[in-house]
Amino acid sequence: ATLTLLRGEECAVPAVSDAGVLHGSDDDMRVVAQVDRRSLGEALGGGGTRVLPGAEGAGARFPARSALCAPIRVRGRVVACAVVTHRHVDRLFGEEEVRLADFIATLAGAALENAEAAAELEHHAFHDPLTGLANRALLRDRGDLELARMGRTSGALAALFIDLDDFKTVNDSLGHAAGDQLLIEVADRVRGVLRPSDTAARLGGDEFVVLLADTDEDGAVAVAERVLDALRPPVALLGRQIYVHASVGIAVAAEPSRGPDGLLSDADIAMYMAKSEGKGGLRVFHPGMRDTVVSRLELKADLERALEGDEFTLAYQPIVDLATRRVTGVEVLLRWHHPERGVIGPADFIPLAEETGWIVPIGRWVLAEAMRQVRMWQSSVPGASGLVLNVNLSPRQLQQRGLAEELAFELERVGLDPASLVIELTEGALMQELDLAAQLLRAIRGLGVRIAVDDFGTGHSSLGRLRGLPIDIVKIDRSFVGGIDTLGGASLARAIVELAERLGLEVVAEGVEREAQVASLLSFGCTRAQGFLFAHP
């Protein structure tokens, strides 16, 4: 059309890079070679549509006798140019042709801009704006295509449902901008272990899904393990090393008729089971999981009304002096008396309370009620004036802002001496955010409250790593105490006691059930313990 309107002999439309370099087909570049390059560069550099002289010099084999260049702009930037030449007619292009060429270039630029905008709109409609991964709409479309192909070819389709563990901690402690950077890094790492035929998507928040075409259960498990391995190295955020853990659910399409939503639902259920059994793991879906998850969801709903319904009670397990068998303290334990299910143990509902955040108000109630009870025993029971209360804090409570201030307020309100309170934390809770934990524990210890590491030996820390924390007491896990009768178990327990003493830490043994264990512990230098041998809670 340009040739016809301008009566030219040849027309080329090469692309123009940001650096002003022209790129095009061999025919395009042959036409460009007919014109003076310096004048062409001036036109592209802002001179606008203009008539150009023909090429000169030894390299100009077929110079144009008439030439014209019209830059094509998209959003103010030159992205291409229309070069029209005639090698046989002089002075073919005048002012009228320049205006016409400029108009054609403007139309071309508008068309390109509209096409680019349409492509951007289409991309945004099917991709997550933060990570660039597929969104739910594109994931469902890909799922439909793969399931349809599966029905024709008897292939396989698997899905991974990936949920980050404790992502809320990053947002709460470092801010949402840092959380976004973490999500981008996770997306890049997940994308890096997949094949081109796989589809990675972000559903929102910290939830990701991967569709694996032509993949059976074994293959899906292998990919899930690669994903978990890719997430293990720490991520640098705001000068900190953040460790990312995820729970992965795996599902393999049993029949195409359930559609992609059915496949994702199964993978989601498997992920939920993986998270409930311990973070950082994976589970493969099987139909029996549906009933388990429904039961847990019902229990989660019941948990929300349990505190208001006075369904929680407290039990206390004595901590004794092994030499005198005198009670020196108590550890408070939480029990849930469900109106329909009866007594529910903490192992069944504490993880749910952590997930929902209900552990914070429940923990606040436990602390206040236990303080009140121990203060009453101190003032009314002979010989109990020095009774010490041990209270467990969960990882979620440790992340709670203002915890030290809440403790100070409650101690003053109840009238309990801070020296009568011991806060127990597991190794895992301490290791999740070591810097944050150290800062908070120093504030708590500054009140006069002591700190104990509960279930020591079950995590991945050591007394050496804990040395930098304001720790007062180490509680040896019952699994070590249970094996104290064996040579290896005795050696390990003795080593923990001796190292703790060198670090100036008190030691309490958990799970003592036999007199022989008492004798061994005393011989090691451990003077305090708790367990069924002395009293049930």
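Before going into details, it helps to say that this report is about the structure given with it. For clarity, every value in this text was computed on a predicted model and none was experimentally measured. (Residues numbered from 1 in each chain as written. Predicted model: local features only at pLDDT ≥ 70, side-chain atom pairs only at ≥ 80, totals over all residues. Heavy atoms only, no water.)

### As for helix α9 (residues 259-276)
The end-to-end C-alpha distance of α9, which contains 18 residues, comes to 26 Å, matching closely the 26 Å that a straight helix rising 1.5 Å per residue would cover. With respect to burial, α9 is a largely interior element, 14 of its 18 residues being buried. Phi for Gly278, located one or two positions after α9, is positive at around 130°. (Helix = DSSP H or I, 4+ residues; strand = E, 2+ residues; numbered from the N terminus. Expected span 1.5 Å × (residues − 1). Buried < 20%, exposed > 50% of the residue type's maximum accessible area, 1.4 Å probe, protein only.)

### Description of the pairing of strand β5 (residues 66-74)
Buried residues dominate β5, accounting for 8 of its 9 residues. Across 3 bridges, the pairing between strand β4 (residues 50-52) and β5 is antiparallel. Bridge pairing in β5 links Leu52 to Ala67. Bridging between β5 and strand β6 (residues 77-86) involves 9 bridges; their strand directions are antiparallel. Within the sheet, the bridge partner assigned to Ile72 lies in β6 and is Ala80. Taken together, β5 and the strand that follows it, β6, pair antiparallel across an intervening segment of 2 residues, in which Arg75 is found at a positive phi of about 55°. (Pairing = 2+ DSSP bridges.)

### Some points on the sheet that holds strand β7 (residues 157-164)
Read across the open sheet, the 5 strands follow the order β8-β9-β7-β12-β13; overall the sheet is mixed. Two strands bound the open sheet, and with one partner strand each, they are β8 (199-204) and β13 (282-284). Within the sheet, the average angular offset between the axes of one strand and its neighbour, ignoring direction, is 20°. Across 5 bridges, the pairing between β8 and strand β9 (residues 207-213) is antiparallel. Each residue of the ladder has a partner; that of Thr199, found in β9, is Leu211. (Axes fitted to C-alpha atoms, helices over the stretch in contact; angles between N-to-C directions.)

### Comments concerning the side chain of Gln397
Take Gln397: it is sitting in helix α13 (residues 395-398). Residue class for Gln397 comes out buried when judged on its relative accessible area of 6%. A polar atom in the side chain of Gln397 sits 3.0 Å from the backbone nitrogen of Ser394. Excluding anything up to four places from it in sequence, Gln397 contacts Ile359, Val360, Gly363, Arg364, Asn392 and Leu403. (Polar contact = N/O pair within 3.5 Å; in protein donor to acceptor, adjacent residues only side chain to side chain. Contact = heavy atoms within 4.5 Å.)

### Thoughts on unusual backbone geometry
Both trends apply: most residues other than glycine have a negative phi, and most peptide bonds are in trans. With a phi close to 60°, Asp166 is a non-glycine residue in the positive phi region. Asp166 sits in the partly exposed class, given a relative accessible area of 30%. Phi is positive for Arg325, close to 60°, though the residue is something other than glycine. If you trace the backbone, Arg325 turns up in the loop between β14 (312-321) and β15 (327-338). A relative accessible area of 38% means that Arg325 is categorised as partly exposed.

### Details of the pattern of salt bridges
Where charged atoms from two side chains of opposite charge approach closely, those side chains can pair. Considering all chains together, one arrives at 34 salt bridges under this definition. Note that Glu96 and Arg99 form a salt bridge whose closest N and O atoms lie 2.7 Å from each other. Taken together, the residues span about one helical turn, with Glu96 and Arg99 both in helix α4 (residues 95-126) at a distance of 3 residues. Its salt-bridge partner being Asp302, residue Arg305 comes within 3.4 Å of it at the nearest N-O pair. Linking Arg305 with Asp302, this pair stays in helix α10 (residues 289-306), spanning 3 residues, or about one helical turn. Judged by relative accessible area, Asp302 falls into the buried class, the value being 15%. (Salt bridge = Lys/Arg side-chain N within 4 Å of Asp/Glu carboxyl O.)

### What about the layout of surface pockets?
The calculated volume of the second largest pocket comes to roughly 440 Å³. Lining of the second largest pocket is provided by 20 residues; of these, Asp166, Lys275, Glu354, Glu355 and Arg396 occupy positions nearest its centre. Contributing elements (two or more residues each) for the lining of the second largest pocket: β7, α6 (167-174), α9, α11 (346-356) and α13. Here the residues of the lining of the second largest pocket are counted per class, giving 5 nonpolar, 3 polar and 12 charged. (1 Å grid on protein atoms, 1.4 Å probe; cavity = no way out; pocket = protein on both sides within 12 Å on 5 of 7 lines; lining within 4 Å. Points joined across faces, edges and corners; volume = space filled by probe spheres on them. Nonpolar A, V, L, I, M, F, W, Y, C, P; charged D, E, K, R; others polar.)

### Some points on the packing of α9 against α10
Remark: α9 packs on α10, axes separated minimally by 10 Å, with the N-to-C direction vectors making an angle of 65°. For the pair α9 and α10, the crossing hand works out as left-handed. Of the residues in α10, those touching α9 at Asp266, Ile269, Ala270, Tyr272, Met273 and Ser276 are Met289, Arg290, Thr292, Val293, Arg296, Leu297 and Lys300. When the residues that make up the contact of α9 with α10 are grouped by side-chain class, the tally is 7 nonpolar, 2 polar and 4 charged. (Left-handed = near helix turned anticlockwise from the far one by under 90°.)

### Overview of the environment of Glu255
With respect to the helices, strands and loops of the structure, Glu255 is situated in the loop between β12 (246-252) and α9. Residues Glu255 and Val414, 159 residues apart in the sequence, show an inter-C-alpha distance of 62 Å.

### Considerations on the packing of aromatic side chains
Under the counting rule described, the total for this entry stands at 4 aromatic pairs. Ring centres of Phe312 and Trp336 lie 5.9 Å apart, and the angle between their planes is 45°; this geometry places the pair in the tilted category. Here Phe312 is found in strand β14, whereas its partner Trp336 is found in strand β15, with 24 residues between them in sequence. The exposure class assigned to Phe312 is buried, which follows from its relative accessible area of 5%. Aromatic side chains Phe312 and Phe349 sit 5.8 Å apart centroid to centroid with 40° between the ring planes, which places their arrangement in the tilted category. (Phe/Tyr/Trp six-rings, centres within 6.5 Å; stacked < 30°, edge-to-face > 60°.)

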